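Understanding the architecture of this molecule
Chain residues, written in single-letter form:
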Amino acid sequence: MTSTPASGRTPAPGGASASGRPSAPAAAPARRGASSPGASATTTAAAGTTTDPPGAAASALGTPGLFTVLLGAALPLIDFFIVNVALPSIDHDLAAGPVMLELVVAGYGLPYAVLLVLGGRLGDLFGRRRLFLSGMAAFGLTSLACGLAPDAWSLVGARVAQGAAAALMLPQVLATIHAATEGPRRAKALSLYGATAGLSMAGGQILGGVLVAADLAGSGWRAVFLVNVPIAAVGLLLAARTVPETRSERPAPVDVAGTLLLAAALLTLLAPLTEGRAAGWPLWTWVALGAFPLVAAGFWRVERRLDRTGGTPLVPPSLLRLTSLRRGLVLVLPLSAGFSGFMFVIAVSLQQGLGLGAVASGLALVPMAVAFFAASLAGPRLIRRWGTRVVPVGALLQAAGLGLIAVTAGRSWPDLSVAALIPGMAVAGVGQGLQLPVLFRVVLSEVPPERAGVGSGVMVTTQQAAITLGVATLGSLFLSLSASGPTGTALTVTLLIQLAMALLTAVLALRLPRSVS
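Residues numbered from 1 in each chain as written. Predicted model: local features only at pLDDT ≥ 70, side-chain atom pairs only at ≥ 80, totals over all residues. Heavy atoms only, no water.

Topic: helix 20 (residues 487–509)
Selection rule: A run of DSSP states H or I qualifies as a helix once it reaches four residues; a run of E qualifies as a strand once it reaches two. Both are numbered from the N-terminal end. How far a helix is expected to stretch is found by multiplying one less than its residue total by 1.5 Å. Relative accessibility decides the category of a residue: with a 1.4 Å probe and only protein chains considered, values under 20% of the type maximum give buried, values over 50% give exposed, and everything between is partly exposed.
In a regular helix each residue adds 1.5 Å, so 23 residues correspond to 33 Å; helix 20 covers 33 Å between its end C-alpha atoms and thus fits that length. Residues of helix 20 that are buried: Gly488, Ala490, Leu491, Thr492, Thr494, Leu495, Gln498, Leu499, Ala502, Thr505, Ala506 and Ala509.

Observations regarding the side chain of Thr494
To keep it simple, the criterion reads: In the analysis that follows, any N or O atom pair within 3.5 Å is treated as a polar contact, provided that within protein one partner can donate a hydrogen and the other can accept it, and provided that, for residues neighboring in sequence, both atoms belong to side chains. What makes two residues a contact is simply this: any of their non-hydrogen atoms within 4.5 Å.
Of note, Thr494 is situated in helix 20. Looking at Thr494, its side chain comes within polar contact range of the main-chain oxygen of Ala490, at 2.8 Å. Leave out the neighbours within four places in its chain, and Thr494 touches Val345, Leu474, Phe478 and Leu481.

What to know about the packing of helix 15 (residues 366–386) against helix 17 (residues 422–433)
This is how the line gets drawn: Each axis is a line fitted through C-alpha atoms, and for a helix only the stretch in contact is used; angles between axes span 0 to 180 degrees, taken between their N-to-C directions. By the definition adopted for this analysis, an angle is roughly parallel if under 35 degrees, roughly antiparallel if over 145, roughly perpendicular if from 65 to 115, and oblique otherwise. Two helices crossing with the near one rotated counterclockwise from the far one by less than a right angle form a left-handed crossing, whereas a clockwise rotation gives a right-handed crossing.
Their axes nearest at 7 Å, the elements helix 15 and helix 17 cross at an angle of 30°. Taken together, the axis directions place helix 15 and helix 17 in an arrangement best described as roughly parallel. Crossing of helix 15 against helix 17: the hand is right-handed. For the pair helix 15 and helix 17, contact is made by Pro367, Met368, Ala371, Phe372, Ala375 and Ser376 and by Ile422, Met425, Ala426, Ala428, Gly429, Val430, Gln432 and Gly433, respectively.

Comments concerning a positive patch on the surface
To keep it simple, the criterion reads: Nonpolar side chains (Val, Leu, Ile, Met, Phe, Trp, Tyr) within 5 Å and like charges within 9 Å form the patches, drawn only from residues with over 30% relative accessible area and no salt bridge. The accessible surface values rely on the Shrake-Rupley method and a 1.4 Å probe; as for residues, cover is taken only from the protein chains in view. Any Lys or Arg side-chain nitrogen located within 4 Å of an Asp or Glu carboxyl oxygen qualifies as a salt bridge. Neither His nor the chain termini are counted; the positive set is Lys and Arg, and the negative set is Asp and Glu. By convention, charge coordinates are those of NZ in Lys, CZ in Arg, CG in Asp, or CD in Glu.
Taken together, the side chains of Arg301, Arg304, Arg305, Arg308 and Arg321 present a region of like positive charge at the surface. Along the chain, Arg305 turns up in helix 11 (residues 283–308). Of the residues examined, Arg305 reaches a relative accessible area of 46% and is grouped as partly exposed.

Comments concerning the packing of helix 2 (residues 63–82) against helix 9 (residues 228–242)
Definition in use: Put simply, Ala, Val, Leu, Ile, Met, Phe, Trp, Tyr, Cys and Pro go in the nonpolar bin, Asp, Glu, Lys and Arg in the charged bin, and everything else, Gly too, in the polar bin.
Contact geometry for helix 2 and helix 9: axes closest at 9 Å, N-to-C directions at 150°. Here helix 9 runs roughly antiparallel to helix 2, going by the angle between their axes. Like other packed secondary-structure pairs, helix 2 and helix 9 cross with a definite hand, here left-handed. For the pair formed by helix 2 and helix 9, the contact residues are Pro64, Gly65, Phe67, Thr68, Leu71, Leu75 and Asp79 on the first element and Asn228, Ile231, Gly235, Leu238, Ala239 and Thr242 on the second. Residues of the contact of helix 2 with helix 9, tallied by class, amount to seven nonpolar, five polar and one charged.

Some points on unusual backbone geometry
The omega angle of the peptide bond from Trp413 to Pro414 is 5°, so this bond is cis rather than trans. Inspection of the secondary structure puts Pro414 in the loop between helix 16 (390–412) and helix 17.

Some details on a nonpolar patch on the surface
Taken together, Val210, Val359, Leu363, Val366 and Val370 make up a surface patch of nonpolar side chains, about 360 Å² in accessible area. Of all the secondary-structure elements, those providing two or more residues to the nonpolar patch are helix 14 (358–363) and helix 15. Owing to a relative accessible area of 47%, Leu363 belongs among the partly exposed residues under this scheme.

Side note on the nonpolar core
Our working definition: In this description, a nonpolar core means a group of buried Ala, Val, Leu, Ile, Met, Phe, Trp, Tyr and Cys residues linked to one another through side-chain atoms lying within 4.5 Å.
Ranked by size, the top nonpolar core spans 102 residues in total, and within it Tyr193 and Phe342 carry the most contacts. Per-element tally for this core: the top contributor is helix 13 (residues 323–353), with 13 residues. Setting aside anything within four residues of it in sequence, one finds Tyr193 in contact with Leu70, Ala73, Leu170, Val173, Leu174, Phe440, Val460 and Gln463. Among the nonpolar cores identified, the runner-up in size contains 25 residues, and Val83, Leu101, Val105 and Leu211 belong to it.

Quick word on the packing of aromatic side chains
Going by this rule: For Phe, Tyr and Trp, rings pair up if their centres lie within 6.5 Å, where Trp contributes its six-membered ring, and each pair is then called stacked (planes under 30 degrees apart), edge-to-face (over 60) or tilted (otherwise).
In this structure the tally under the stated criterion is four aromatic pairs. Ring centres of Trp281 and Trp286 lie 5.6 Å apart, and the angle between their planes is 35°; on these two criteria the pair is classed as tilted. In this structure Trp281 comes out as partly exposed when scored by relative accessible area, which is 31%.

Quick notes on the pattern of salt bridges
Here the idea is simple: oppositely charged side chains can pair when their charged atoms come close. Going through the model one piece at a time under the given rule, you end up with two salt bridges. A salt bridge links Asp79 to Arg159, with the nearest nitrogen and oxygen atoms 3.2 Å apart. Pair noted here: Asp79 is in helix 2 and Arg159 is in helix 6 (residues 152–180), with a separation of 80 residues, a long-range link. Of the residues examined, Asp79 reaches a relative accessible area of 0% and is grouped as buried.

Here it is in structure tokens:
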């Protein structure tokens, strides 16, 4: 769900040493000693591979390796938002039109969301570093194809492939962190992952505006894709040397029926919501939305039957019986949806409502990004002292920040300045930074290492689906209100709805387990 130039709106959007080299055989006992009592890690020193035994985590991910996997986490999220500020230029150069521009965005987001759980399962099965390297290489190649696309349909096809590559790479990040770190090291890594996720969503729009405005070597909009190529190349070199190989001790075959049904369920929900407005809500959108609950129910029945008969479902129902995972996922939905919807709405308001350029509107998000990062880094210390009560406090701060922005916009529009938004942006950023990284840690806190891939796949699928839903629903509401009234009023109303979502998150957060392992 994006706005289009046609409507006059621009959318917003094994054993390995710390260096990653295989350990010598004599190092294997040290690896076992590092794991939790009563469990041992199975290490193949020659291959640098660690299998995940129940209840154990091998401390094998050093600082360079952590940086590398976080780079892999940033690329897909940045690319979801970076393209939105380039859509007017794409429309001008390729004569794309509103529907094709919607496909440029949805063509990436849909396969990305649909294939994330499968990507996590494949990492458990074949090795997470192997899948991370494959996904990174494919992401670089598909980004090159996007940057060189000669026409709109070629760009859409390359975006679909790029989304699939992202789904192969991203689940391996959290799975590797979960399987190759433990204790305070894991807590710090998960906080940095949360900080990376938040900064990537805000930074994507900032970077996109800078690249399009810079028009490097006359590349225009193509630079937002071509910039990924050298980054992916560096990521490949680093990953080969610094990321340890891990996989499930008892890898299970892929649940084909579950994979197809989950894909169908997500498509019937996300496709009509992202494409419906631009296409004029044709009959197929309503048929798809009507089919969604039926397909989702069929998926759940298949997964439960497979679990009862001793099979290995794509999303094991037993995994959702973990209290921390289940309640954490419930909170990820409104938080991620509100975050993505906010960035879309504020960017359209500043660019189309106030006539600011892409760079200026992106700079308005800098106070939020800085505050988010600072709060994320403070998260581990705060959670040691206050437990998960940090999350409802963060939600209340986010609500206060959104309220400040809404009041400022309502009073000052159309003379609203970027400087006037700084207090609200900063407060909202602190609130978001106290929630997202902590929730990632809560969701995965009880997931056994041998299920790290599927656990991280479920979480990032929930997050990505919520991001898409947030842009689709809150964006559609804002665009409808702004089409029939002042943009300032539309912005204020949408912000107040997001404030209500933050308050709902605060209430739901009270049900989280008090402490996190």
